[in-house]
Structures are given as C-alpha cells and as structure tokens.
Amino acid sequence: MTLFFSKNSLKASLPIAVAIFLAFFVATSLWAQSNKKAENTKFNEKCLKCHGQSKYKYDNPQSHAVVTKRMYLETIINRNLFSNSNHGAFKCTDCHSEDYDTFPHPGRLRMDAKNACIDCHGGDEAYAKFKFEQIEKEFQSSVHATKHSEDFNCWMCHNPHFYKIKARSNEKITDIVAYDNAICLNCHADVTKYQMLTDKVNPNILQKHEWLPNQALHFKNVRCIECHARANDSILVAHNIQPKAKAVRRCVECHSTNSILMATLYKYKVKEGRSKAGFYNGIIMNEGYVIGANRNYYLGLISLIMFACVAAGILIHATLRIVKRKK
Amino acid sequence: MSGKLYLYPVWLRLWHAVNALLILLLIASGISMQFSNPEHPFIRFDVAVTIHNLSGMILTLNYLVFLVGNFITPNGLYYKATVKGLSQRIMKQFVYYTYGIFKHEKAPFPVTKESKFNPLQQFTYIMAMYVLVPIVLLTGWALLYPELILTKFMGGSGLRVNDFIHVIIGFFLSFFMFVHIYFCTIGATFISNFKSMVTGYHEQHD
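Criteria and cut-off values
Residues numbered from 1 in each chain as written. Chains lettered and ligands numbered in written order. Predicted model: local features only at pLDDT ≥ 70, side-chain atom pairs only at ≥ 80, totals over all residues. Helix = DSSP H or I, 4+ residues; strand = E, 2+ residues; numbered from the N terminus. Buried ≥ 20, exposed ≤ 12 C-beta atoms within 10 Å, placed from the backbone. Contact = placed C-beta atoms within 7 Å. Nonpolar A, V, L, I, M, F, W, Y, C, P; charged D, E, K, R; others polar. Axes fitted to C-alpha atoms, helices over the stretch in contact; angles between N-to-C directions. Parallel < 35°, antiparallel > 145°, perpendicular 65-115°, else oblique. Core = buried A, V, L, I, M, F, W, Y, C linked by C-beta atoms within 7 Å. pLDDT = per-residue confidence, 0-100. Left-handed = near helix turned anticlockwise from the far one by under 90°. Pairing = 2+ DSSP bridges.

**Details of the overall build of chain B**
Turning to step 1, where the next piece is worked out: Scanning chain B from N- to C-terminus turns up six helices and four strands.
Turning to step 2, where the next piece is worked out: For chain B, the succession of helices and strands along the chain, N to C, is β-α-α-α-α-β-β-α-α-β.
Turning to step 3, where the next piece is worked out: Taking all 206 residues of chain B together, 19% fall into the buried category.
Turning to step 4, where the next piece is worked out: Expressed as a percentage of contacts within chain B between residues at least 6 apart in sequence, the contacts between residues at least 24 apart total 63%.

Listed below in structure tokens is the structure:
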C-alpha cells in the first residue's frame, strides 16, 4: 500500500493539526457565544420594546384606543448598560418567569422570589475563583444583613442588569474607586432609597467625614469599603460591612508600611510588599502616594546611616573638645 | 581680643526663634510620618500631619520675613559670598574645626561687624536658606495640594518625585539643624552663642 505521507512527516504535522483544531474550536466557541448573545439580544427586544424606554403603549381592547403610559422607573432597562454588563448575554427569561410573555403581566409574578447571586453562582466550578460562598457568608455577617435581614439583598448594591465587575480589571484605580463608591452612594446619598430600609435620617456623608484630612482626596482615591468593611484574605472584595463604630479611623492603618490598602484596594494588582526599587507598597505609587505607606527602604537606611555619622561626628568632636580644653 | 558686638537686631532674633521652633516641630512630625508605625507611634499620625502642615505654612510666612528683612536691612550682606577663593577659605575653616580648635589656635575668620559668618558658615547658610528651604517649602506646598501637581516625571507620578525630593531635603535640613545646634556651643563659652540669640550681642573669643 502506498502512503501519501511518511511517518515522519505525519509526526511533524501533528502539532500543526492540533493547533488548527484548537483554533477552530476556540473560533467556533466564540462565534457560538456571540451568536447566542445576538440571539438573546434579539429575543430580549420583546421585553425591551417597553422596558427599554420611559413609556410604553398598548391597545385597550375595550376602548380600542392606543394607551400611552409612563414606565415605572425601576423597571426601565438601559440596553447599552445591560449589554455591557456581566449578565449582558442572558435572556430576560433566564432569570425572570417565562409567564412575563403575556401582557398585562400576571400580578402573581410580583410575588416570585428573586434570585440571589448564590442561587446561580454557588457551587459552580466555573465561578469557583470568585468564591461566592464566602462572599455570601461575609455578607450575612455584615451590618447590611444583620440590620435589615431579608430586606437587604445582593441587588441593592449589584444591579443585576447593569453590574460590571471592576476589581479584576486593569482600569485605573481611581475609575474603580469612583464606580464602587457610586454603589454605596446610590443609597447613602439618596434619602428616598436609604429610607426604603430604615426610618432614620440619612447621615450627611461630608459632615460625618469632616475629621478626615484631605477629605476630597481620600474620597477620590480610596473606596468606602477600605475603612467600612473588614479586609478578608481569601476573597478579593470585602463584603463584611462593619457598623459605624468599627470603621477604620486610625490613619496608620493605611499610612504605614503594613498598609491595609495592599490587602484591599491594591490586592488584585500586586502581591509583593516592597517593590524592586525599594519602595514599600510600590504598586500604590503607580497611581497615588500614601504618606508612611510608600516610604523607600533604601532612603530610610541611608538617612539612618547618615544620621548615625552626624551623631558620631558631633560626639567625637565634643569629646575631643572636652579632653583638649584649656586647663 | 574680647568684647561684645551687637549683631542680631530684634527682628532677626524673633525670626530666628520662630524659625528654630518651627523647624524642630517639622523635623519631629516629619520623622513621625515618614516612619509611621501603628505599634510604636512617635506622634499620633493625624496630630503629626496637622503639626507638619501648620508649621510648614507658618514657616513659609517666616521665610518671607527673612527675605524681606535681608532685602531692606544690611543683614542680607552677610549672605553675599565672594566666589573667588571661597573653596580655599572654606577649607581653612574646616581645618580649624577639625584640627586647630583642639590646639587652641585662633579662629581664622574672627567675627566682626562686617563679617559675622565664617566662610563655612556662610556657605552652609546660603545653601540652607536660599536653596534647601525654598525647595522644601515649594515641595511641601505641592504635597499639601497634590492635585495641583500634574506633571509626570520619569514614568512615575510627579507626586512621587516631589515627595522624594521633599523627604531627602528634609533629611539634609535635619542634619544641618543638628550640626548647627552643636556648633552653637563653640563660642566664647559653651552657652555664649545661645545667650546672643536672646540679647543680640555676640561675645568675642579671648
């Protein structure tokens, strides 16, 4: 039997074949994924026709008139924000009942329990790195859960339609800070939302933080949770929001070589304590400067050596003056 | 030769006292912040920051007093050095401090009404007051309003370079301060120069 390829040439072409297969596999998966998203986006238009805008219209079968109504603010979904969000590839009915298919929507659907993060993400290998189980545990110990029980859920902070994870991205820290702080301010700077859960008057954040030196600078460069949540080594973003009395108030918690910022805001960026150039917490210096946390090891060492030399020089000079003084 | 020379007018003594106090506060609070340690705080961080900021602001005003004073009174003349032969004169004074003083030699540049600083003093004072202090004040104000520093240097933030300069110059001024205080003990007596700061009169060596 004649072979078209020798054994050697077959051996040589094997890696190429594997590479082509893998490339094909990846390309088809990506295509299938984007195709699926396009398919779902098309499907979602049935909902977004009304929920994607501030008003909706329907035919009244009795009066035979077209009725225009304003859409309830909380049920308006911005198409772009949804599409760019972490859940942007889903169909509305992946999470909401398929019975929403009919209009008017059946009233009983309002009573349906909403999913929490853990319902989909819990126990799933694909999401293991996010450690949702631990996040859930932390949240359950947080002041949000202990003070408000069932009323407070994941969606209060992480809007399922718009939320986009930021902490693992390579965006500028200040952008991450602004995005994350907006989540807190969504309620803490809006009395109507704040009072959905309590009858208390929403404290004025600027006044409450008057003690903080360079307040504006702090608000721009660190997240609320840096001081208001207990840092956790095993998850990326702390969810154990602490009561007011336990918030970090000692400046040196951040402004020292053991800065907690390295365990919180800069956790994803770096794992080293001292950078190659000798700066403690050097990664922070790419985007900001934290007095006490960013001091340079070598500069400290040189200054101590110089100080010792100056002190020794003075001591020797003074001793000689005393020894050689006129009798 | 012995006697008393009136070298330090009231404004200068007041300026000097305020300057000394502020610089000591700045050194103490600066070291406390630079080496901040939660377990062993030297000065509580927020207190150190407040002391440092306020002292720096007042020091700036005091520095303006120094500049204006030196401009409108003859005191400024003491800071005008003749460059020609300066290094030889500095070396001569240096040799006196490291050798001659122990042999009880006469100071090579005795204090007169026309020249109250010896060449080494004159050089270090010019460097401290006209180079290091302005740099430390400017970089200090820049750290007080960090958002104003927009320039980026060497791939890092301007803030980082600015702070590095501020800290290094701060260290040099600290060393200057220690040596300066020690050299004050070299006078007619151990405390005569300290008395001069109060009375205004310089006591001459025998």
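Next comes the rest of the write-up.
**Considering the overall build of chain A**
Turning to step 1, where the next piece is worked out: Secondary structure assignment for chain A yields twelve helices and two strands.
Turning to step 2, where the next piece is worked out: Each helix and strand of chain A, ordered N terminal to C terminal, gives the series α-β-β-α-α-α-α-α-α-α-α-α-α-α.
Turning to step 3, where the next piece is worked out: Sorting the 327 residues of chain A into buried and exposed places 17% on the buried side.
Turning to step 4, where the next piece is worked out: Sequence separation of 24 or more characterises 52% of the internal contacts of chain A that already satisfy a separation of 6 or more.

**Considerations on the interface of chain B and chain A**
Turning to step 1, where the next piece is worked out: If you look at the interface, chain B gives 24 residues, while chain A gives 23 residues.
Turning to step 2, where the next piece is worked out: Mapped onto the side of chain B that touches chain A, the elements with two or more residues apiece are α1 (10-34), α2 (45-72), β3 (156-157) and α5 (158-183) of chain B.
Turning to step 3, where the next piece is worked out: In terms of residue class, the side of chain B that touches chain A is built from 15 nonpolar, six polar and three charged.

**Points about the packing of helix α3 (residues 86-98) of chain B against helix α4 (residues 119-144) of chain B**
All names here are of chain B.
Turning to step 1, where the next piece is worked out: Contact pair α3 / α4: the axes reach a minimum separation of 7 Å and the direction vectors enclose 115 degrees. The angle between α3 and α4 places the two elements in the roughly perpendicular class. For the pair α3 and α4, contact is made by Leu86, Arg89, Ile90, Gln93 and Phe94 and by Pro119, Leu120 and Phe123, respectively.
Turning to step 2, where the next piece is worked out: Of the residues that constitute the contact of α3 with α4, the class distribution is six nonpolar, one polar and one charged.

**Concerning the nonpolar core**
Turning to step 1, where the next piece is worked out: Counting residues in hydrophobic clusters, the biggest one holds 21 residues, and the most contacted among them are A:Leu261, A:Val290, A:Ala293 and B:Phe45.
Turning to step 2, where the next piece is worked out: Going through the elements one at a time, α7 (173-188) of chain A together with α2 of chain B are the ones with two or more residues in this core.
Turning to step 3, where the next piece is worked out: Sorting elements by how many residues they give to this core places α2(B) first, with four residues.
Turning to step 4, where the next piece is worked out: Every residue in contact with A:Ala293, bar those within four places of it in the chain, is listed here: A:Cys254, A:His255, A:Ser256, A:Thr257, A:Ser259, A:Leu261, A:Tyr280, A:Asn281 and A:Ile284.
Turning to step 5, where the next piece is worked out: Judged by nonpolar contacts, the second largest core, of five residues, contains A:Ile225, A:Val237, A:Ala238 and A:Ile241.

**Considering the environment of A:Ala178**
Turning to step 1, where the next piece is worked out: Mapped onto the secondary structure, A:Ala178 falls in helix α7.
Turning to step 2, where the next piece is worked out: As for A:Ala178 and A:Val222, which are separated by 44 residues in sequence, their C-alpha atoms are 8.7 Å apart.

**Re the confidence of the model for chain A**
Close inspection of predicted coordinates is inappropriate in any region flagged by low pLDDT.
Residues and elements named next belong to chain A.
Turning to step 1, where the next piece is worked out: A residue-level look at chain A finds 87% of positions with pLDDT of 70 or above and a mean pLDDT of 82.
Turning to step 2, where the next piece is worked out: Here helix α1 (residues 7-51) stands out as the least confident element of chain A, with mean pLDDT 78; helix α12 (residues 297-323) is the most confident, with 93.
Turning to step 3, where the next piece is worked out: Low confidence marks residues 1-5, where pLDDT is under 50. Its contacts with residues over four positions away, or in another chain, come to one contact.

**Re the environment of A:Val66**
Residue and element names in this part refer to chain A.
Turning to step 1, where the next piece is worked out: For Val66, the position within the fold is in strand β2 (residues 65-70).
Turning to step 2, where the next piece is worked out: On the basis of neighbour counts, which here come to 9 C-beta atoms within 10 Å, the residue Val66 falls in the exposed class.
Turning to step 3, where the next piece is worked out: When near neighbours in sequence (up to four residues on either side) are disregarded, Val66 contacts Lys57 and Asp59.

**Overview of the packing of α4(B) against α5(B)**
Residues and elements named next belong to chain B.
Turning to step 1, where the next piece is worked out: Viewed as axis vectors pointing N to C, α4 and α5 meet at an angle of 145 degrees, and their least axial separation amounts to 9 Å. Of the two possible hands of crossing, α4 and α5 adopt the one that is left-handed. When α4 is examined against α5, the residues Thr124, Ala128, Leu132, Ile135, Val136, Thr139, Gly140, Ala142 and Leu143 are found in contact with a partner set consisting of Asn162, Asp163, Ile165, His166, Ile169, Gly170, Phe172, Leu173 and Phe176.
Turning to step 2, where the next piece is worked out: Of the residues that constitute the contact of α4 with α5, the class distribution is eleven nonpolar, six polar and one charged.

**Focus on the pairing of strand β1 (residues 55-60) of chain A**
All names here are of chain A.
Turning to step 1, where the next piece is worked out: Among the six residues of β1, zero are classified as buried, and the element is accordingly described as predominantly exposed.
Turning to step 2, where the next piece is worked out: In terms of strand pairing, β1 meets β2 through six bridges, oriented antiparallel. Counterpart to Tyr58 in the pairing with β2 is Val67.
Turning to step 3, where the next piece is worked out: The hairpin formed by β1 and β2 contains four residues between the paired strands, and His64 there has a positive phi angle of roughly 60 degrees.

**Observations regarding unusual backbone geometry**
Residues and elements named next belong to chain A.
Turning to step 1, where the next piece is worked out: In this structure, the amide linkage connecting Phe103 to the following residue, Pro104, adopts the cis form with an omega of -5 degrees.
Turning to step 2, where the next piece is worked out: Locating Pro104 in the fold gives a position in the loop between α3 (92-95) and α4 (117-121).
Turning to step 3, where the next piece is worked out: One non-glycine residue, Lys131, lies in positive phi territory at about 50 degrees.
Turning to step 4, where the next piece is worked out: Relative to the helices and strands, Lys131 resides in the loop between α4 and α5 (132-141).
Turning to step 5, where the next piece is worked out: The exposure class of Lys131 is partly exposed, given the 16 C-beta atoms found within 10 Å.

**Describing the confidence of the model for chain B**
Residue and element names in this part refer to chain B.
Turning to step 1, where the next piece is worked out: Mean pLDDT over chain B stands at 89; residues scoring 70 or higher make up 92%.
Turning to step 2, where the next piece is worked out: When pLDDT is averaged over each helix and strand of chain B, the minimum, 50, is found for strand β2 (residues 152-153) and the maximum, 95, for α1.
Turning to step 3, where the next piece is worked out: Both confidence scores are given for the complex: pTM 0.69, ipTM 0.88.

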